[in-house]
Structures are given as structure tokens and as C-alpha cells.
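Geometric and topological summary
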Amino acid sequence: LASKVWQDLSSWNIEFASVYPQFSLDAINRLELAFLKFIKWDLYISSSLYAKYYFALRSLLEKSGFRDRYNQMVGGIGGIAASEALKVSKRSEAVKEEALQQLSRSM
């Protein structure tokens, strides 16, 4: 959630559901909502604290080879085929576009 607050282009829940198919989009949305209610929608995080954890997590992921494994999966090397990765990307873009259209209509 912190990345949704601080980054102009953060990941959407549909993208997490695509990368981690064991979690449905609905389950991720419900988890996010439960967490937001638990913290009473207080999403404030200072830029210095966000940066501290952002770079710590990024460093951890680099050390464990996460990025290489992710790139192999979406690149079709030992994982899903490139055509499947393209389908996921297109589906994510369509969901984002629909959400933005709904948001603009509600304003």
C-alpha cells in the first residue's frame, strides 16, 4: 500500500494475482480492505521511512535472485511462455483502463 501512496505508477492488485495465481484478485482485494480498516485508513508514511524500507526490500530481493526468477517466469524461460506473459500484461492494462474510466465517471 505504501507504494500506491508514494509511486505514480505502482503495481495493481490484478498484477499480484497474475504473478501469484494461488491468490485470487478478490482475495487480494479483501485482504487489502481488511488491512485498511485495521489501520483505520491511516496511510501516512514519511518519505524517509518509505525510502528506508523500499531500498532494504529491494536489496533483499536482489540478493535472493528474485528478479532473475521473476524475469525467467515472465520471459518464458523455464516458466510460462512469453505469449502467456503478454496476455497477463494486456489483461492488466485493460483492468487498469476500466478502473480509471469508472473513476473518471464517478467524479
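Our structure's up above, just so we're on the same page.
The structure presented is a predicted model; accordingly, all values stated were derived computationally and were not measured.

A few words on the overall build of the protein chain. Scanning the protein chain from N- to C-terminus turns up six helices and zero strands. If you list the helices and strands of the protein chain from N to C, you get α-α-α-α-α-α. Each of the 107 residues in the protein chain was classed as buried or not, and the buried ones make up 12%. Pairs at least 24 residues apart make up 54% of the contacts formed inside the protein chain by residues separated by at least 6 positions.

Bringing a nonpolar patch on the surface into the picture now. A surface patch of nonpolar side chains, amounting to about 290 Å² of accessible area, comprises F16, Y20 and F23. Tracing the backbone shows F16 in helix α2 (residues 13–19). F16 sits in the partly exposed class, given a relative accessible area of 39%.

It is worth spelling out the side chain of S18 at this point. In this fold, S18 is placed in helix α2. Of the residues examined, S18 reaches a relative accessible area of 17% and is grouped as buried.

Scoring rules and cut-offs
Residues numbered from 1 in each chain as written. Predicted model: local features only at pLDDT ≥ 70, side-chain atom pairs only at ≥ 80, totals over all residues. Heavy atoms only, no water. Helix = DSSP H or I, 4+ residues; strand = E, 2+ residues; numbered from the N terminus. Buried < 20%, exposed > 50% of the residue type's maximum accessible area, 1.4 Å probe, protein only. Contact = heavy atoms within 4.5 Å. Patch = residues over 30% accessible without salt bridge, like charges linked within 9 Å, V, L, I, M, F, W, Y side chains within 5 Å. Areas by Shrake-Rupley, 256 points an atom, 1.4 Å probe, with all protein chains shown as cover. Salt bridge = Lys/Arg side-chain N within 4 Å of Asp/Glu carboxyl O.

Spatial relationships are all this shows, so hold off on functional conclusions.
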